[in-house]
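# Coordinate analysis (summary)
What follows is each chain in one-letter form.
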Amino acid sequence: MTKIPNQQKNWRSRLMHPERRSQCTFESLAVPTHRGSTVVFPSQEEVREGWRTHAEQATYGIYGTPTALELGERLAEIEGAHRTFLTPSGQSAIALVYLAVCHSGSHVLVPSTAYGPNKDFGLHMMRRFGITAELYDPLIGEGIAALIRPDTSLIWCESPGSITMEIQDVPALVKAARSAGVLVASDNTYSAGVFFDAFAHGVDISVQALTKYVGGHSDLMLGSVSVREEKTCNAVGDAHRSLGYSVSPDECSLALRGLQTLAVRLDAMEQSALKIAQWLGEQTQIARVLHPALPSCEGHEIWKRDFTGSTSVFSVIFDESISQEQVNRLVNSLTLYKIGWSWGGTVSLVMAYPGLHRPRYGKGNVVRFHIGLEDTNDLIADLKSAFSKSELL
């Protein structure tokens, strides 16, 4: 086959098929950001399609560019997983687990203190497909065996629990699940996959909202689903492909950068959060501080047994004598703490939960804090000022 010299081609073709390429060798400390959808093959005989072999020979961009694959490999290494799948958000990771593991007629157990959208998805969306979700007491421990049915396909755990920080006895849940042949999935976002070793504690699937600690700067949306064994990997991988889940290489690049500073950010947030939680615990207007690293917090002994550190999130329950209006005034008076959903970023956040139903903690108003990277003394001073302005001091 005679090759037409590029000089003889129309300039329009030369725009698409240049002959001159940069010869520069560039070994950077940063992982390159690869963008692409179509993958070209050397010959027709070498054409492949599918997620199973994509990591060795790329087939199509939906299964991940090298940037996304690198992030998945690093997360799998950190969590000790067989494989990690990336999703567009934490909630999409949760949905992927449901759709990979459950089928029409399945029964799922979800802690009553799980992330709200997880409960909503199980109780409402899954019902449309003949799947029944049942809420359980997060502190049930080995007693969950009594709730497992012949059609139970999945048990969720989330420790600490969303907002009110309940610590679950995950090994006890796993033991009961194993006896019944039921898979256990854990929302492990709080620990960033490092302070709680989900797979060492027997969990089958570990989910993270990478939006939070891994991203770490409130500027990306990503999730991950890590699996311990090949059988579960195949089920999750097939569902991942069928749902068309794809993630942006630019988001993955930001997450890869976030991993490099994860340790120093978590260390700083942990120390600052503990000091601020302790200060809040000294205020007479606060009935309880819900921070699992504090000995006064229910579940602290299990936390000491299973976790190697705490992070930035905790909640407080105000005394019943403090009205919601007073709590709102306090929240609105804060200047360094911004009012917003999510957590894990560099800026401190606060959110009140009026009407939150947690029978274990009575009727006091609950406020959740995320402690960022501001100076700890400044954050305490901001709280003192807000308490004073809202006439709570």
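Preceding block: the structure.
Now for a look at the structure at hand. (Residues numbered from 1 in each chain as written. Predicted model: local features only at pLDDT ≥ 70, side-chain atom pairs only at ≥ 80, totals over all residues. Heavy atoms only, no water.)

### A short note on the overall build of the protein
Looking only at helices and strands, the protein features ten helices and twelve strands. Across its three principal directions, the C-alpha atoms of the protein cover 90 × 55 × 35 Å. Within the protein, contacts between residues separated by at least 24 positions form 72% of all contacts whose residues are at least 6 apart in sequence. Mean positive and mean negative side-chain charge positions of the protein (35 and 41 charges, respectively) differ by 6 Å. (Helix = DSSP H or I, 4+ residues; strand = E, 2+ residues; numbered from the N terminus. Contact = heavy atoms within 4.5 Å. Lys, Arg positive; Asp, Glu negative; His and termini not counted. Charge placed at Lys NZ, Arg CZ, Asp CG, Glu CD.)

### Details of the packing of aromatic side chains
Per the counting criterion, the structure on display carries eleven aromatic pairs. A centroid spacing of 5.6 Å and a plane angle of 70° characterise the contact between W51 and F85, whose relative ring orientation is edge-to-face. Taken as a pair, W51 in the loop between α1 (11–16) and α2 (66–79) and F85 in strand β1 (residues 83–87) lie far apart in primary sequence, 34 residues in all. One exposure class covers both W51 and F85, and it is buried. Members of the aromatic cluster, joined through ring pairs, are Y98, F121 and W156. The ring of Y115 has K212 lying over it, and the distance from NZ or CZ to the ring centre is 5.9 Å. (Phe/Tyr/Trp six-rings, centres within 6.5 Å; stacked < 30°, edge-to-face > 60°. Buried < 20%, exposed > 50% of the residue type's maximum accessible area, 1.4 Å probe, protein only. Lys NZ or Arg CZ within 6 Å of the ring centre and 35° of its normal.)

### Considering the pattern of salt bridges
Tallying each qualifying case throughout the model produces ten salt bridges. The closest approach of N and O atoms between R52 and D238, which form a salt bridge, is 3.2 Å. Of this pair, R52 sits in the loop between α1 and α2 while D238 sits in helix α6 (residues 230–243); the two residues are 186 residues apart in sequence, bridging distant segments of the chain. Since its relative accessible area comes to 45%, R52 is described here as partly exposed. Here D204 and R178 are joined by a salt bridge, their closest N and O atoms 3.2 Å apart. Note that D204 is positioned in the loop between β5 (183–187) and β6 (205–209) and R178 in helix α5 (residues 170–180), a separation of 26 residues in sequence. Since its relative accessible area comes to 4%, D204 is described here as buried. (Salt bridge = Lys/Arg side-chain N within 4 Å of Asp/Glu carboxyl O.)

### Quick notes on α5
Residues of α5 that are buried: V170, A172, L173, V174, A176 and A177. Elements in contact with the buried residues of α5: β3 (132–136), β4 (152–157) and β5. Looking one or two residues beyond α5, the residue adopting positive phi is G181, at roughly 70°.

### Some remarks on the side chain of H107
Mapping H107 onto the fold places it in strand β2 (residues 107–111). Given the relative accessible area of 0%, H107 is considered buried. Here E134 takes part through its side chain, which lies 2.8 Å from a polar atom of the side chain of H107. Look past the residues within four positions of H107 in its chain and what remains in contact with it is T132, E134, L147, R149, D151, T152, S153 and L154. (Polar contact = N/O pair within 3.5 Å; in protein donor to acceptor, adjacent residues only side chain to side chain.)

### Remarks on the pairing of β5
With respect to burial, β5 is a largely interior element, four of its five residues being buried. As defined by bridge partners, β4 adjoins β5 across four bridges and the pair is classed as parallel. When the bridges of β5 are listed, C157 appears paired with S186. Taken together, β4, α5 and β5 form a β-α-β motif whose crossover is right-handed. Taken together, the three bridges between β5 and β6 define a ladder with parallel strand orientation. Across the sheet, D187 pairs through a bridge with V207, a residue of β6. (Pairing = 2+ DSSP bridges. Right-handed = clockwise from strand over helix to strand, strands pointing away.)

### Focus on unusual backbone geometry
Cis rather than trans, the peptide bond between S159 and P160 has omega equal to 0°. Within the secondary structure layout, P160 lies in the loop between β4 and α5. Here the phi dihedral of M165 falls at roughly 60°; this positive angle occurs in a residue that is not glycine. Looking at the secondary structure, you find M165 in the loop between β4 and α5. Even without glycine at this site, A192 takes up a positive phi of about 55°. For A192, the position within the fold is in the loop between β5 and β6. Residue classification places A192 among the buried positions, given a relative accessible area of 3%.

### A few points about the environment of S388
With respect to the helices, strands and loops of the structure, S388 is situated in helix α10 (residues 376–389). Note: C-alpha distance between S388 and S333 (55 residues apart in sequence) is 9.3 Å.

### Thoughts on the sheet that holds strand β12 (residues 366–370)
The strand order across the open sheet formed by five strands is β8-β9-β12-β11-β10, and the pairing between neighbours is mixed. Edge positions in the open sheet fall to β8 (286–290) and β10 (338–339), since each of these has one partner strand only. Across four bridges, β8 lies against strand β9 (residues 313–318) in antiparallel orientation. Within β9, the position partnered with I286 by the bridge is F318. In the packing of helix α7 (residues 249–281) onto the sheet, the strands contacted are β8, β9 and β12, and the crossing angle to β9 comes to about 5°. (Axes fitted to C-alpha atoms, helices over the stretch in contact; angles between N-to-C directions.)

Taken by themselves, the reported measurements are silent on function.
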